[in-house]
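Residue-level structure breakdown
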Amino acid sequence: MKQCPLFTLLVLIATLPSFAESPPIIAPSAWEKSVLRIEVARKAYDYYQPWNRRNDRAMKTGIVVGERQILATAQDLSDQTLVRVQKNGRGKWTTARVEWIDYHANLALLTAEDAAFWSDLRPANLSGKPPGEGAQLQIVRWREGKLENRQAEFTQFTVRESEGSAINHVQMELDSEIHDAGSGEPVVADLRIAGITFSQRGRACRVIPVSFIRSVLEAHKSGNQRGLGYFHFYWQPAENPASLAQLQLIGEPRGVLVIDVPERLDGSAPVLKPHDIILQIDGFDVDMQGDYTDPEFGPLTLENLSTRGKWAGDDVKMKIWRDGKPLDVTYRLPGYDFQNSLVPIAVRDQPPDYLIVGGLVFQPLTTPYLQRWGAEWERTAPFRLNYYRSDEATKTKPSLVILSQVLPDKFNIGYQEYRSFVVNQVNGQRVTSLTELQAALKQPKDSFHVIDFVPNESLQRIVLAAGEAERQATQRILQRFGITDAVQITSKTVAAK
Amino acid sequence: MFLKTVSVCAVFFATALCFAIEPERSVIQIQTYRQSPDWSAPWRFDAVQRSGGSGFVIRGKRIMTNAHVVSWARQIILRKYQDAKPHIAQVEFVAHDCDLAILTVEDESFFDGLPALEFGELPPVRSTAVTYGYPAGGEEISYTRGVVSRIELSPYSHIGNRRLLTVQTDAVINPGNSGGPVIQDDRVVGVAFQGIPGLEGAGFFIPPPVIQRFLKDIEDKRYDGVPLAGAGITPLQNPAYRARLKLPNNNLGARVDRVRSRTGATNVLRADDVLLKIGEFPVASDGTVLYQGNRVFCALGFQLGQSGDSVPVQLWRDGHAQDAQVTVEAETDDQREGNQYDVQPRYFVFGGLVFTSLSRDYMRDSGREGAETAAGEFNYELFFRSREEPEMTREEPVVLSSVLSDPVNANFSTRGRVLVDRINGIRIEKIADVICAFTTSTNTHDMIEFGKRGTFECLDHAEAVRANDKILKTYGISQDRHL
């Protein structure tokens, strides 16, 4: 699924056949009936005080793509409470709803019930092809009541993680003078949609290409609910001939070296082993840098072969080199679920989980929790908590629970300063989720709760009174701090032990 | 825990108007020409740098100063009060853990007319003391008066991983005054040693209990180090926890949270013991003892004696009090977690691959102190693994520091700064294992595996052996190893 961090030169510039003939400049009016504004009201959560929520608002761009269907990126649509759409860049807002959303593909379809809304709208043409090197495109959006049409120059195709997910798929990069794009604005060429933007940094705009969009939408239309799959193994380039010689590869240097194959939580046997050489995937030769030549996009990193018309549960044929000889294997793509990571990178459409006992606040360790340390959270959040992100979930350690803070009260006196400790055991029972914590708290030891943390240099154990004293303290603390519920658990239990 | 905010610098107090004696005659200006190693290219040293400090004459024709004033010294030059003549000095003893050093001067006439300063007691808070020294900004001696504002255990930034008794004053801090005496009633009550950047009006000095312990330690001509408890001690104020341990709720006793392996406490203390008394000091529930009128963390009770001493303790265990003896020892297992001085880093070069020990110094020098992947692995290996996975702890974690370019390694994807996991299938516990793996290898190719993800590179063994001398010569490395 991921390339090794040591090797960073794997995302290559596509060198597609150059057919960069200048497209006709499209008059803005050509898109007026297809491009919409979307307003999203959503709940935003404070992971430091997970019982709090506030209202948030986001503006996006959508495109009419079919019978009463609006295409948008999935970003900012999670935890939404009200979605409205507006045509012509001004005037009346119409209530809409999210009909389908795929956070890993970063795509969503919206619709509106009001028939009148659709009367003068026209679906955009999604049959665009990948642009060639240096091709000129336009980014279109409504701005201050006018349709803005900005030039953009195609720079490259890359394979990177989807915005807000860890799924790799092909993406397009553009260079443009536009400001504040990345909210689903259509990128158009030759009266067709070439993609939709999902981020902008400086002049570089990143775009989901239309062929990927088509592929995902067609799968959705055909009832495929399995979602995108991914390669759950790590590899490194095979540029060192001595390494290939050590692995007894015969012939020209080629392929990539498998270095780590994490345990699969579904219990299925690992297909690959460390020190296998992957030579071919689905018939495509893999070169020493880990690229294959995509018929549509040119050289791309092999991760794209896990999402190129493939879905979770699909089989991928691989030719590998193992123990000095070639071998054909079938790799079944696992499905991606945020909850399957030891430290989930996102939590969607649910409030943060927490459990308060005697003023001690326990939470699952998640990336949104770490992000509360601000823009520089990867540097400023507690190192040990951050470093768990590099660990894989396993059957015995599918997730982590932390003591995130202590709400001060006479009941927990002496513990007020404690925070950011990872829970190991509670009352002698191993705890990896709030559900397990809840169960362990039902079995106090001699009228006490004994909470053991993962060994560290500060504190390894806390003891609380159990029973009525704890219940009264918890109620008192909830009341004093204005918290409605002592427990909020909406995540599913991750893995069976 | 890794980035101490306290930085070493000099303390310098304003003018002392008059004294019965003239301590300034015994205050020495120290100029050090130092050269510290490049931890990433450990056969190499950085350019020579000059730095200034202070010291003072003590009994036995010796000069006391800070360890950080003379660490990595190539040459130490002393100048007496109002005397232009330079004198060469040598380090007789250096104690990096408590930041003290003793210098001697070959020419004993240096001490003619210089009275040895005598040591006093720990000064009381709110009293005033004067620091003498040669801070930056001028050539003449300088005096600053400050109020003793706080006495507690604080981090000693020179070593980086010790908390010892410290006195805080409201004096201004200036570089160059380190090692100067702090004088009260004609006696030395401290050695100025550090300040906190950005915190004006706070200077720190090393108090007499630490100095006297150091002087006693070196009486046998060897410095052993400040002994430590060998256990993590935490406050015990929660009534439920005290009740579970059947301990009276009387504000006495701190809890043993964890016990370090291979220390004098290992077989004496255990988690959830409660320390009621350490030596003569009753321990309060907040983990402090009352020491000469100051509430300080109880670990002090283990730090006052010498390594190997037996410290009597009163414990609360299994519902009743009992007596025990803890043998306190100066720990050396954690030296890589702190800053290291005066010892050239260990390394081994083979086929252009530079292997060295993972240490706090290496991480700082190689810019690997952040949270990105390599730094994360280094951080975890150095500071967390021994606590979380003691059975997997390596004696001397080894990093591939750099790859000196040569055709034999030109195709390596990594250029270094990675943790070495295995070589030819053997887990690398220390640099000696690296040397053994390569020198005893009969493989055509040597396989080196890195980090937690298992990236690896192979090296043609025969070609690497052939290339070795040429690589060493090309890069100006006189020896392929330093152990």
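A quick note: this is a predicted structure, and the numbers were derived from the prediction, not measured. (Residues numbered from 1 in each chain as written. Chains lettered and ligands numbered in written order. Predicted model: local features only at pLDDT ≥ 70, side-chain atom pairs only at ≥ 80, totals over all residues.)

Examining the overall build of chain A
- Each helix and strand in chain A was counted, giving 7 helices and 29 strands.
- Over its C-alpha atoms chain A spans a radius of gyration of 26 Å, differing by no more than 12% from the 23 Å that the globule rule assigns to 497 residues.
- In terms of principal-axis extent, the alpha carbons of chain A reach across some 80 × 70 × 40 Å.
- Across the 497 residues that make up chain A, the buried fraction comes to 45%.
- Once local pairs closer than 6 in sequence are excluded, the contacts in chain A between residues at least 24 apart make up 63%. (Helix = DSSP H or I, 4+ residues; strand = E, 2+ residues; numbered from the N terminus. Rg over C-alpha atoms; globule rule 2.2 N^0.38 Å. Buried ≥ 20, exposed ≤ 12 C-beta atoms within 10 Å, placed from the backbone. Contact = placed C-beta atoms within 7 Å.)

Observations regarding the overall build of chain B
- A count of helical and extended segments in chain B gives 8 helices and 29 strands.
- With respect to the three principal axes, the spread of C-alpha positions in chain B is 75 × 70 × 40 Å.
- Residues classed as buried in chain B amount to 51% of the 483 residues present.

Considering the sheet that holds strand E6 (residues 87-95) of chain B
All names here are of chain B.
- Pairing in this closed barrel of 6 strands is antiparallel, and the strands run E2-E3-E4-E7-E6-E5 around the ring. Along the sheet, successive strands turn relative to each other by an average axial angle of 40°, direction set aside.
- One ladder, built from 3 bridges, connects strand E3 (residues 49-58) with strand E4 (residues 62-65); its direction is antiparallel. What sits directly across from Phe 56, in E4, is Met 64. (Pairing = 2+ DSSP bridges. Axes fitted to C-alpha atoms, helices over the stretch in contact; angles between N-to-C directions.)

Observations concerning the sheet that holds strand E13 (residues 204-209) of chain A
Residues and elements named next belong to chain A.
- An order of E8-E9-E10-E13-E12-E11 is seen for the 6 strands of this closed barrel, with the pairing classed as antiparallel. This sheet shows a mean twist of 45° between the axes of neighbouring strands, independent of strand direction.
- In the packing of helix H1 (residues 210-221) onto the sheet, contacts are made with strand E10 (168-176), strand E12 (192-201) and E13, and the angle to E13 comes to roughly 35°.

Focus on the nonpolar core
- In terms of nonpolar packing, the biggest core is built from 129 residues, with Ile 70 and Ile 278 of chain A together with Phe 355, Val 420 and Val 434 of chain B touching the most fellow members.
- Residues Ala 440 of chain A together with Ile 63, Val 226 and Val 283 of chain B belong to the second largest nonpolar core, which totals 121 residues. (Core = buried A, V, L, I, M, F, W, Y, C linked by C-beta atoms within 7 Å.)

Some words on unusual backbone geometry
- With a phi angle near 70°, Ser 447 of chain A is a residue other than glycine that sits in the positive phi range.
- By the element assignment, Ser 447 of chain A lies in the loop between helix H6 (434-441) and strand E27 (448-453).
- Despite not being glycine, Trp 72 of chain B shows a phi value in the positive range, around 55°.
- Relative to the helices and strands, Trp 72 of chain B resides in the loop between helix H1 (67-70) and strand E5 (73-79).

Some thoughts on the interface of chain A and chain B
- Contact with chain A, which involves 39 residues of that partner, is made by 36 residues of chain B.
- Elements with a minimum of two residues in the side of chain A that touches chain B: strand E14 (234-237), helix H2 (241-246), strand E15 (256-260), helix H4 (377-380), helix H5 (383-387) and strand E28 (461-465) of chain A.
- Here the side of chain A that touches chain B takes 5 residues from H2 of chain A, the largest share from any one element.
- When grouped by side-chain class, the residues that make up the side of chain A that touches chain B number 22 nonpolar, 10 polar and 7 charged. (Nonpolar A, V, L, I, M, F, W, Y, C, P; charged D, E, K, R; others polar.)

Overview of helix H8 (residues 461-474) of chain B
Residue and element names in this part refer to chain B.
- Taking 1.5 Å as the rise per residue, H8 with 14 residues should run 20 Å; its terminal C-alpha atoms sit 19 Å apart, in good agreement.
- The sharpest bend along H8 measures roughly 45° and falls at Ala 467.
- Taken together, the buried positions of H8 are occupied by His 461, Ala 464, Ala 467 and Ile 471.
- The inward-facing, buried residues of H8 abut strand E22 (347-350), strand E27 (445-450) and strand E28 (455-460).
- One or two steps after H8, the chain reaches Gly 476, where phi turns positive at roughly 65°. (Expected span 1.5 Å × (residues − 1). Bend = angle between axes of the 7 residues up to and from the residue.)

Quick word on the domain arrangement of chain A
Residues and elements named next belong to chain A.
- The domain boundaries assigned to chain A delineate domain 1 (10-223), domain 2 (234-332) and domain 3 (339-488).
- For domain 1 and domain 2, the distance between their C-alpha centres works out to 33 Å.
- Contact residues are listed per partner, giving 16 residues for domain 1 and 15 residues for domain 2.
- Residues belonging to the side of domain 1 that touches domain 2 are distributed by class as follows: 11 nonpolar, 5 polar and no charged. (Domains from an automatic or database assignment.)

A few points about the domain arrangement of chain B
All names here are of chain B.
- Taken as a whole, chain B is organised into domain 1 (7-218), domain 2 (231-327) and domain 3 (345-482).
- Computed from C-alpha coordinates alone, the two centres of domain 1 and domain 2 are separated by 33 Å.
- Contact with domain 1, which involves 12 residues of that partner, is made by 10 residues of domain 2.
- Elements with a minimum of two residues in the side of domain 1 that touches domain 2: strand E9 (142-155), strand E10 (163-169) and helix H2 (208-217).
- Counting residues per element, the side of domain 1 that touches domain 2 draws most heavily on H2, which supplies 4 residues.
- Residues belonging to the side of domain 1 that touches domain 2 are distributed by class as follows: 8 nonpolar, no polar and 4 charged.

With respect to the pairing of strand E7 (residues 100-105) of chain B
Residues and elements named next belong to chain B.
- Relative to E7, E4 runs antiparallel, the two sharing 3 bridges. Residue pairing in the sheet places Thr 65 in a bridge with Ala 101 of E7.
- With antiparallel pairing between neighbouring strands as the criterion, E6 and E7 make up a hairpin whose turn holds 4 residues, including Asp 99 at a positive phi of roughly 55°.

Some remarks on helix H7 (residues 468-480) of chain A
Residues and elements named next belong to chain A.
- Spanning 13 residues, H7 covers 18 Å between terminal C-alpha atoms, matching the ideal 18 Å at 1.5 Å per step.
- When H7 is considered as a whole, its buried residues turn out to be Glu 470, Ala 473, Thr 474 and Ile 477. Axial view of H7: buried residues confined to an arc of 100°, hence all on one face. Along H7, exposed side chains directed more than 90 degrees from the buried face belong to Glu 468, Gln 475 and Gln 479.
- Following H7 by one or two positions, Gly 482 has its phi on the positive side, about 65°. (Arc of directions from axis to C-beta.)

Some words on the confidence of the model for chain B
- In the predicted model, chain B carries a mean pLDDT of 91, and 94% of its residues have values of at least 70.
- Of the regions scoring below 50 in pLDDT, residues 1-20 of chain B engages in 73 contacts with residues more than four places distant in sequence or in other chains. (pLDDT = per-residue confidence, 0-100.)

Quick word on the environment of Val 354 of chain B
Residue and element names in this part refer to chain B.
- Residue placement: Val 354 occurs in strand E23 (residues 353-357).
- Residue Val 354 is classed as buried on the basis of its C-beta count, with 23 C-beta atoms lying within 10 Å.
- The spacing of Val 354 and Leu 199 is 155 residues in sequence and 41 Å in space, taken between C-alpha atoms.

Side note on the pairing of E27 of chain B
Residue and element names in this part refer to chain B.
- Judged by how many residues are buried, E27 sits mostly within the fold: 6 of 6 residues are covered.
- Alternating positions in E27 separate into two faces, His 445, Met 447 and Glu 449 on one and Asp 446, Ile 448 and Phe 450 on the other, with burial throughout.
- Where strand E25 (residues 418-423) lies against E27, 3 bridges are found, and the strand directions are antiparallel. Each bridged residue has a counterpart across the sheet, and for Val 420 the counterpart in E27 is Phe 450.
- Pairing geometry for E27 and E28, over 6 bridges, is antiparallel.

A short note on the environment of Leu 434 of chain A
Residues and elements named next belong to chain A.
- Along the chain, the position of Leu 434 falls in helix H6.
- C-alpha separation for the pair Leu 434 and Glu 468, spaced 34 residues apart in sequence, amounts to 21 Å.
- Each residue touching Leu 434, except ones within four places of it in the same chain, is listed here: Asp 353, Leu 355, Phe 362, Pro 364, Val 401 and Ile 489.

Some remarks on the environment of Gly 335 of chain A
Residues and elements named next belong to chain A.
- Here Gly 335 shows up in the loop between strand E21 (325-332) and strand E22 (354-357).
- On the basis of neighbour count, Gly 335 is assigned to the partly exposed category, with 16 C-beta atoms found within 10 Å.
- In sequence terms Gly 335 and Trp 100 are 235 residues apart; their C-alpha atoms lie 18 Å from each other.
- Sequence-distant contacts of Gly 335, defined by excluding residues within four places in its chain, comprise Arg 226, Gly 227, Gly 229, Ala 312 and Gly 313.

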